[in-house]
Amino acid sequence: MSYRAGFIGLIGQPNAGKSTLMNYLIDQKVSIVTSKPQTTRRRILGIHNNKNSQAVFIDAPGLVKAEKGLNSFLEKEALAVIKESDALLAVLSIDEKDAGAIEKVLNLVKNSKKPWMGIITKTDVSDKTHRILIVKSMVEELGVKCLQVSCLKDGKEGRDMLLEQIESLLPPSEAPLYDSELYTTENVRDLVSEIVREKCFQNLEHEIPFQLAVQVRKFDENAKPCPHIYVDVMLSKESHKPIVIGKKAMLIKKISQDSRLEVEKIMDQKVFLEINVVVKENWFDQTQFMKELGYIVDGK
C-alpha cells in the first residue's frame, strides 16, 4: 500500500464533540474540551502517525453565522478549514436537537466536493440512542460512510477502527507533512493559554466565558527553581471582574490551581503560574486587539 498523508477538517455545530473526538483520535490532549459551545476559537492541529499514513486533523470552530467581531472570525475560520483540508469529517452529535443544523453541516461538506464521511458522536447519551439511526440514514443517503463513536467508552479498539476508515480518505503522499514524532504543531505557550481558557470555561457560568480571552504575558523558561508563567485573563466588562475572581479570590485560585496542574502535566515539570484578571472593554469588537490574540479577521 502506498503512503498517504493529508489534512482532515473536523466540521460540525458548536458543541458537537469535535475537540473530544480529535483528542481521542490522536490519543493526546491538544484541543480544550468544555460543556460550553464555541470553546474552539481557532484551528488546532492534531497529528496521528503510523507506518502507512499521517493524518493531520484540524479542529475547526463550530459553525456560526455573523458579520463582525469574534463570531465573524469563527465563521471564517471554519469555512477556511473546509477549503484548505484534503478531506472532511462531518461531526454530528446525537445530542443535536435541530435536524436543520445537521443538514447544514452535511450540505457544507458535500458541496466542498472533497472526500468525506460522517462521524456520529456522544453515542453514550442513553436517552438519545434512537437518533443514531436517523442521523446515520441522513448521511448514508448522500452515498458516504457513517461511523459512530463514544470517545468516553470505545477505547483503543474503537480508535483503531475509526483511524483505519479515516485513512482511506487521505490522498497519496511521498512523505509525511510533519515530523512523525509530533502530535501537534501547537507550541507550549499556546497550549498554556488554551489550558487556562479551558479552566475558566469549566469554572464559570453562562455568558462570561465567551467574553473572556487569555494571553500569556511572560513565559520565563530559565527562571529558578522552575519556569515562571504570567497569564492575563481578559474580560470585556468591569462588572465581570468580581465574578471571575470570586469571594475571597477563591474562584481565581481554583482556576489557577487547575491550570497549573494541567500545565505541569504537558511540560512534565513543576511550574510557577500567576494569573492576573484584567478588563479590556468589548475586546471582541476591536480588530487590532483580536489580531494580538491570534483571532485574525483580515485577509480570510
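Criteria and cut-off values
Residues numbered from 1 in each chain as written. Predicted model: local features only at pLDDT ≥ 70, side-chain atom pairs only at ≥ 80, totals over all residues. Heavy atoms only, no water. Phe/Tyr/Trp six-rings, centres within 6.5 Å; stacked < 30°, edge-to-face > 60°. Lys NZ or Arg CZ within 6 Å of the ring centre and 35° of its normal. Axes fitted to C-alpha atoms, helices over the stretch in contact; angles between N-to-C directions. Helix = DSSP H or I, 4+ residues; strand = E, 2+ residues; numbered from the N terminus. Left-handed = near helix turned anticlockwise from the far one by under 90°. Contact = heavy atoms within 4.5 Å. Expected span 1.5 Å × (residues − 1). Buried < 20%, exposed > 50% of the residue type's maximum accessible area, 1.4 Å probe, protein only. Pairing = 2+ DSSP bridges.

Colleague: Any chance you could explain the packing of aromatic side chains here in plain terms?
Modeller: The description of an aromatic ring pair rests on the distance of the ring centres and on the angle between the ring planes. Overall, the coordinates contain two aromatic pairs when judged by the stated rule. The ring of Phe201 carries the charged tip of Arg197 above its face, separated from the ring centre by 5.5 Å.

Colleague: What exactly am I supposed to notice about the packing of helix 6 (residues 188-203) against helix 8 (residues 250-267) here?
Modeller: The description of two helices packed together rests on the angle between their axes and the distance between the axes. Here helix 6 crosses helix 8 at 140°, and the two axes come no closer than 9 Å. Helix-helix and strand crossings are classified by hand; for helix 6 and helix 8 the assignment is right-handed. When helix 6 is examined against helix 8, the residues Val188, Leu191, Val192, Ile195, Val196, Glu198, Lys199, Cys200 and Asn203 are found in contact with a partner set consisting of Leu251, Lys254, Ile255, Asp258, Ser259, Glu262, Val263, Ile266 and Met267.

Colleague: Got a minute to help me understand helix 8 in this structure?
Modeller: For an α-helix, the turn length of 3.6 residues means that residues three or four places apart are oriented alike. Under the 1.5 Å per step criterion, the end-to-end length of helix 8 is 26 Å for 18 residues, consistent within 8% with the ideal 26 Å. Among the residues making up helix 8, those that are buried are Ile252, Ile255, Ser256, Asp258, Ser259, Glu262, Val263, Glu264 and Met267. On its buried face, helix 8 sits against helix 6, strand 7 (212-220), strand 8 (228-235), helix 7 (241-245) and strand 9 (272-279). Asp268 sits one or two residues past helix 8 and shows a positive phi near 60°.

Colleague: When you look at the sheet that holds strand 1 (residues 4-11) in this model, what are you seeing that I'm missing?
Modeller: Sheet strands line up and pair through hydrogen bonds in the backbone, either parallel or antiparallel. Spatially, 2-3-1-4-5-6 is the arrangement adopted by the six strands of the open sheet, whose pairing is mixed. With partners counted over all chains shown, the strands left at the sheet margins are strand 2 (44-49) and strand 6 (146-148), one partner each. The average angle at which neighbouring strand axes cross in this sheet is 25°, direction not considered. In the sheet, strand 4 (residues 87-93) pairs with strand 5 (residues 116-121) via six bridges, with the strands oriented parallel. Directly across from Leu89, in strand 5, lies its bridge partner Met117.

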